[in-house]
Structure formats: structure tokens, C-alpha cells
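# Analysis of the macromolecular model
Single-letter residue listing:
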Amino acid sequence: MNIKNKTILVTGAGSGIGRELVLRLLEKGAKIVALDIREASLQELKKSVGKKADRLSTHVVDISDKRAVESLPKDIALEHGSVDAIVNNAGIIQPFVRVNDLDYEAIEKVMNINFFGTLYMVKTFLPLLLARPEAYIVNVSSMGGFLPVSGQSVYGASKAAVKLLTEGLFAELKGTNVHVSVVFPGATATNITENSGLKESKLQASDSKNQSFVMLPASEAARLIIEGIEKNKPQIYLGKDSKLMSILYRLSPVFATNLIAKQMKSLLPK
Ligand SMILES: NC(=O)c1ccc[n+]([C@@H]2O[C@H](COP(=O)([O-])OP(=O)(O)OC[C@H]3O[C@@H](n4cnc5c(N)ncnc54)[C@H](O)[C@@H]3O)[C@@H](O)[C@H]2O)c1
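Residues numbered from 1 in each chain as written. Predicted model: local features only at pLDDT ≥ 70, side-chain atom pairs only at ≥ 80, totals over all residues. Heavy atoms only, no water.

## Description of the site of the ligand
- Near the ligand you find 29 residues, and of these Ser 15, Asp 36, Tyr 155, Lys 159 and Thr 190 are the closest.
- Val 61 is positioned with one of its backbone polar atoms (N or O) 3.3 Å from a nitrogen atom of the ligand.
- In isolation the ligand exposes 830 Å². Once the protein is present, 95% of that is buried.
- Where the shell around the ligand is concerned, the elements lending two or more residues are helix 1 (16-27), helix 6 (153-172) and helix 7 (192-195). (Near = heavy atom within 4 Å. Polar contact = N/O pair within 3.5 Å; in protein donor to acceptor, adjacent residues only side chain to side chain. Areas by Shrake-Rupley, 256 points an atom, 1.4 Å probe, with all protein chains shown as cover. Helix = DSSP H or I, 4+ residues; strand = E, 2+ residues; numbered from the N terminus.)

Structure, rendered in C-alpha cells:
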């Protein structure tokens, strides 16, 4: 899909990959509807784009609040008219513990934001997208959505649900005006741990000391997502880790699972 002059909604726009997406999409001449749960980050975003702010509206919304999501089209219509694309990028990780030690409150929070939040956005906007000449749904899953990562099992389950939902939408919407992409980021340098209300994990601490392990910059993640949208790619893998593990997991799921489990073992609580 050509980006110029399209109205594109991005969730989780206040930070990380979402913020970088907004900056690049504005550069390419899109009008942006930026959504986040954190008002301060949206205000900072608006300030940082200078004159382009006249093509940007910001909306403080918790995507896991179905009613708030359902009232969005009305609010957006006042400023932009219709929306041509939605990028469901907002998400959180879970506390870095085994399922046995994860309480239901944390489990429901992750499922409500990552899976139900994405679903509410899709259900709310799909009828409107079907009425556009050309439209797009991009859902951000994760490498952890196709490959088990110990200490992030429920996060992985929420992202696997996003993966299958999106692949199902791709199949259902074939032959319509609505393109669909699922995104699988590998390790990307953002503040997701802090933004998920968690302290730095042992994994992150070890990553920052391990010079050989380079996370993908969020700006590069955004560039690759936009390239995928421009090429109507059904699946967008971000980073070498995501690409390699997707091949390894298909060749030998047990080997790939054991490999990651071994790496995670020392990082989990005893
Ligand atoms: N960073 C990584 O290594 C990585 C890896 C795989 C997948 N992902 C996925 O990429 C996406 C973007 O993550 P990021 O790394 O840029 O994280 P981030 O924390 O930098 O950005 C996520 C944004 O989503 C917002 N958000 C959280 N809950 C929300 C809610 N209920 N309603 C509205 N907004 C909400 C946050 O306030 C934040 O601004 C997420 O879906 C994440 O799961 C990230």
C-alpha cells in the first residue's frame, strides 16, 4: 500500500517501535492517529514532530477497554474523516517467572492488552476499513509468538493468539480491499520492560553486558514494518534472531525449544 496521504492509526505510539513508526510514517506523508495509554509520552511525541503535528492527532486510550476502543471511530472522524490502516503495536511483557509463579492478575493483564486489545481494535475498525478503496491491518506479534520462551509463556500465548488471529484474517480477507500483515519482532531495543511495570530482568542485564548480542534498533524495526506495508507482505520478520529461529523452529521444534530453554534457565528464579 502506498503510504502518502493515507490516514494510519498506530497503537502504542508513545514509545519504542510505535513511536518510530509514527515518525517515519509522517516523513512519508501519512496522516497519523497516535494512540497510547500514557498521555505524557503522546504529548512529548507531538512536541517532537514540529510542523508535522498538524497531520497528527493523539488519543489517550487503554486498548483493553472495549468501550473506549469502540468510541474511537467517532472521535477520529471529527479530525481525520476515515482511517485507511491500523497498526496494532501496543503490547506488554509479563513478569519474568514460570507459569507456576505467575498470578492470575498478571496473566489477565497480558491477555487483555496483547490479545483482546488487538481483537477490539480489529473488530471496531474492520467494517470501516472494508468501506475504503484500499486498507491495511498490521498486527504486531513476536518471535515469542511462534517459539516458546521460558519465563514469558503467557506473553508467548498472547502473541501466538495474535499470530493466528492475523493469519486467519489474512485468509478471510483475501480478495477484498484489506491487506493484512503479522509482524514478528525479535529482541528490539525499547523500554518495554519498564513500560510493562517491571524491573530490568536478568535477561536484559545480561544482554547489556554481552557486547556480541546486538538488539535491533526500534527505528530499524519501524523501517522494516513500513517496507512490509509498502510491499503488502503477509509476514514481516524483524531481526536476524527472529528470521533464524523461525527456520530452526520449523525444522525441529523440540531442538529450538530446548536451545532457548537452556539459555533462559540461568535467568529464571531458582
Ligand atoms: N522490544 C522487543 O524486544 C519486542 C520483541 C517482540 C515483540 N515486541 C512487541 O512489539 C510491540 C511494541 O513494543 P515495544 O518494544 O516498542 O514496547 P514499548 O513499551 O516501547 O512500547 C509499547 C507502547 O504500548 C503502550 N501500551 C501498553 N499498554 C497499552 C494499552 N493497554 N493501551 C494503549 N497503549 C498501551 C505503552 O505505553 C508503550 O508506549 C509490542 O506489542 C511488543 O510485544 C517487542
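## Quick word on a positive patch on the surface
- On the surface, Lys 231, Lys 233, Lys 240 and Lys 243 cluster together into a positively charged patch.
- Within the secondary structure, Lys 240 is located in helix 10 (residues 240-251).
- Given the relative accessible area of 71%, Lys 240 is considered exposed. (Patch = residues over 30% accessible without salt bridge, like charges linked within 9 Å, V, L, I, M, F, W, Y side chains within 5 Å. Salt bridge = Lys/Arg side-chain N within 4 Å of Asp/Glu carboxyl O. Lys, Arg positive; Asp, Glu negative; His and termini not counted. Charge placed at Lys NZ, Arg CZ, Asp CG, Glu CD. Buried < 20%, exposed > 50% of the residue type's maximum accessible area, 1.4 Å probe, protein only.)

## A short note on helix 6
- The first and last C-alpha atoms of helix 6 sit 28 Å apart over 20 residues, in line with the 28 Å expected at 1.5 Å per residue.
- Of all the positions in helix 6, only Val 154, Tyr 155, Gly 156, Ser 158, Lys 159, Val 162, Lys 163, Leu 165, Thr 166 and Leu 169 are classed as buried.
- On the buried face of helix 6, the contacting elements are helix 5 (104-129), strand 5 (135-140) and strand 6 (178-185). (Expected span 1.5 Å × (residues − 1). Contact = heavy atoms within 4.5 Å.)

## As for the packing of helix 4 (residues 72-80) against helix 5
- Here helix 4 crosses helix 5 at 50 degrees, and the two axes come no closer than 11 Å. Here helix 5 runs oblique to helix 4, going by the angle between their axes. Of helix 5, the residues touching helix 4 (which contributes Leu 72, Pro 73 and Ile 76) are Met 121, Thr 124, Phe 125 and Leu 128.
- Looking at the contact of helix 4 with helix 5 residue by residue, the classes come out as six nonpolar, one polar and no charged. (Axes fitted to C-alpha atoms, helices over the stretch in contact; angles between N-to-C directions. Parallel < 35°, antiparallel > 145°, perpendicular 65-115°, else oblique. Nonpolar A, V, L, I, M, F, W, Y, C, P; charged D, E, K, R; others polar.)

## Some remarks on the pattern of salt bridges
- Inspection of every chain in the model, using the stated rule, returns nine salt bridges.
- A salt bridge links Arg 132 to Asp 84; its shortest N-O distance comes to 2.9 Å. In this pair, Arg 132 is assigned in the loop between helix 5 and strand 5 and Asp 84 in the loop between helix 4 and strand 4 (85-88), connecting sequence segments 48 residues apart.
- Exposure remark for Arg 132: the relative accessible area of 25% places this residue in the partly exposed category.
- Here Arg 223 makes a salt bridge to Glu 227, at a shortest N to O gap of 3.2 Å. In this pair, Arg 223 and Glu 227 are both assigned in helix 9 (residues 218-230), four residues apart and thus about one turn of the helix distant.

## A word on the sheet that holds strand 1 (residues 7-11)
- The strand order across the open sheet built from seven strands is 3-2-1-4-5-6-9, with neighbouring strands paired in parallel fashion. With partners counted over all chains shown, the strands left at the sheet margins are strand 3 (56-60) and strand 9 (235-238), one partner each. The mean angle between the axes of side-by-side strands here comes to 15 degrees, regardless of whether they run parallel or antiparallel.
- Strand direction decides the pairing type here: strand 2 (residues 31-36) and strand 3, joined by five bridges, are parallel. Counted as the bridge partner of Ala 34 is Thr 58 from strand 3. (Pairing = 2+ DSSP bridges.)

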